[in-house]
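Structure assessment
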Amino acid sequence: MQAQPFPLTETPRPRRLLVINPNTNPGVTEKIRNEAAKVVAPGTQVTVVNPVSGPFSIETSEHRDDAVPRVISLVRDMLAQRYDAFAFGCFDDIALFETRAIAGVPVVGTCEAGIAAARTMAGRFGIITTVHSAVPGIHALLARYGASDICTVRAAGIGVAAAAGSDGEAERRILMTIREAIQQDGAEAILLGSGGLTGRAADLERHFGIPVIDGVAAAIKMAEGIASLRGLNDIGAEV
């Protein structure tokens with residue numbers, strides 16, 4: 001019997017992603033934009049934005065409280081542009097669940113995507129973040145996502161803006177904190193727990209010789225993948 005060819009289907013249209021940096025630091029937004037360009041497939045269209053006003057860095061509960069309504073307002077303003085998926089470029093997963101309630105498309109957070117990626121690479125991993133005040137919130141997210149028993153959290157004791165810059169002392173603290181996570185906590189992989197660390201994964205992985213996951217890149221790639229799956233489902237429904 002001659003094999004039957006698969007039926008021809010319409011080529012999926014390019015996916016359109018919106019990536020939101022919840023702080024107003026243009027340097028962090030640019031790092032996210034550069035990382036998105038590296039990880040998405042050819043043809044995927046990515047728009048990276050941040051609120052026009054609000055905290056320059058999100059490092060305290062007050063910063064978070066200030067940022068959330070501004071992010072939700074930004075999301076509402078962008079809904080009419082009909083993006084296929086949203087991703088957030090902040091490890092606190094700020095406004096993630098509120099956005100899911102109104103977006104009508106997949107919405108992916110940096111922390112949840114980073115944890116999902118780290119689980120595929122190691123039985124135990126460490127999250128490295130910037131300020132110490134971020135640690136309790138990250139522990140709460142680990143509990144929510146069911147990863148508290150396989151992950152530790154360490155802060156380098158630097159600000160988000162310093163992490164995004166080229167400060168020599170910030171670099172020393174980042175390297176020292178990762179080394180402690182490996183040597184003292186038994187981390188078999190490292191998850192970068194701040195938008196300010198976006199774009200650093202490849203260099204740090206070469207330096208330490210273990211997997212290093214960029215949570216922002218993981219969120220963008222997951223959002224793209226899920227949007228593509230939904231697009232294929234739409235085509236299948238039309239054939």
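The rules behind these values
- Residues numbered from 1 in each chain as written.
- Predicted model: local features only at pLDDT ≥ 70, side-chain atom pairs only at ≥ 80, totals over all residues.
- Heavy atoms only, no water.
- Core = buried A, V, L, I, M, F, W, Y, C linked by side-chain atoms within 4.5 Å.
- Buried < 20%, exposed > 50% of the residue type's maximum accessible area, 1.4 Å probe, protein only.
- Helix = DSSP H or I, 4+ residues; strand = E, 2+ residues; numbered from the N terminus.
- Contact = heavy atoms within 4.5 Å.
- Phe/Tyr/Trp six-rings, centres within 6.5 Å; stacked < 30°, edge-to-face > 60°.
- Lys NZ or Arg CZ within 6 Å of the ring centre and 35° of its normal.
- Expected span 1.5 Å × (residues − 1).
- Arc of directions from axis to C-beta.
- Polar contact = N/O pair within 3.5 Å; in protein donor to acceptor, adjacent residues only side chain to side chain.
- pLDDT = per-residue confidence, 0-100.
- Pairing = 2+ DSSP bridges.

Notes on the nonpolar core
Among the nonpolar cores identified, the biggest contains 63 residues, and I20, F86, I115, F125, I127, L142 and I220 are the most heavily contacted of them. Sort the elements by how many residues they give to this core and helix α2 (residues 61-78) lands first, with seven residues. Here F86 is in contact with L18, V75, L79, T99, A103, V105, P106, V107, V108 and A223, once residues within four sequence places are set aside. Core analysis: the next-biggest nonpolar cluster, separate from the first, contains 18 residues, I128, A156, I178 and V212 among them.

Overview of the packing of aromatic side chains
What the rule picks out here adds up to one aromatic pair. Directly above the ring of Y83 sits R16, whose terminal nitrogen or CZ lies 4.4 Å from the centroid. When the ring centre of F97 is taken as origin, the NZ or CZ atom of R144, which lies over that ring, is 3.8 Å away.

A look at helix α1 (residues 26-39)
Working note: α-helix, 3.6 residues per turn, so residues spaced by three or four point in the same direction. Helix length check: α1, at 14 residues, gives a terminal C-alpha distance of 20 Å against a target of 20 Å (1.5 Å per residue), a fit within 8%. Here α1 has its buried residues at V28, T29, I32, E35 and A36. Here the buried residues of α1 occupy an arc of 125 degrees about the axis, which is enough to place them on one side. Of the residues in α1, the exposed ones pointing more than 90 degrees away from the buried face are P26, A37 and K38. For α1, the capping residue at the N-terminal end is N25, with a side-chain oxygen 2.8 Å from the backbone nitrogen of G27.

Let's talk about the environment of P69
Among the secondary structure elements, P69 is positioned in helix α2. For the pair formed by P69 and G54, sequence separation is 15 residues and the distance between their alpha carbons is 9.7 Å.

A word on the confidence of the model for the chain
Of the residues in the chain, 91% have a pLDDT of 70 or more, and the chain-wide mean is 91. Within the model, the stretch residues 235-239 combines pLDDT values under 50 with six contacts to residues more than four positions away or in other chains.

Quick look at the side chain of N21
Looking at where N21 falls in the secondary structure, it is placed in the loop between β1 (16-20) and α1. Look at N21 and you get buried, because its relative accessible area is 1%. Within polar-contact distance, the side chain of N21 engages the side chain of N23 at 2.8 Å.

Side note on unusual backbone geometry
Unusually for a residue other than glycine, R82 sits at a positive phi of about 55 degrees. Mapped onto the elements of the fold, R82 is located in the loop between α2 and β3 (85-88). A positive phi angle, near 50 degrees, is found at D93, a position not held by glycine.

Some words on the sheet that holds β1
By definition, the strands of a sheet pair up through backbone hydrogen bonds, in either a parallel or an antiparallel sense. Read across the sheet, four strands follow the order β2-β1-β3-β4 without closing on themselves; strand pairing throughout is parallel. Strands at the two margins of the open sheet, each flanked by one partner only, are β2 (45-49) and β4 (107-108). Bridge count for β1 against β3 is four bridges, and the pairing is parallel. Note that in β3 the partner of V19 across the bridge is A87.

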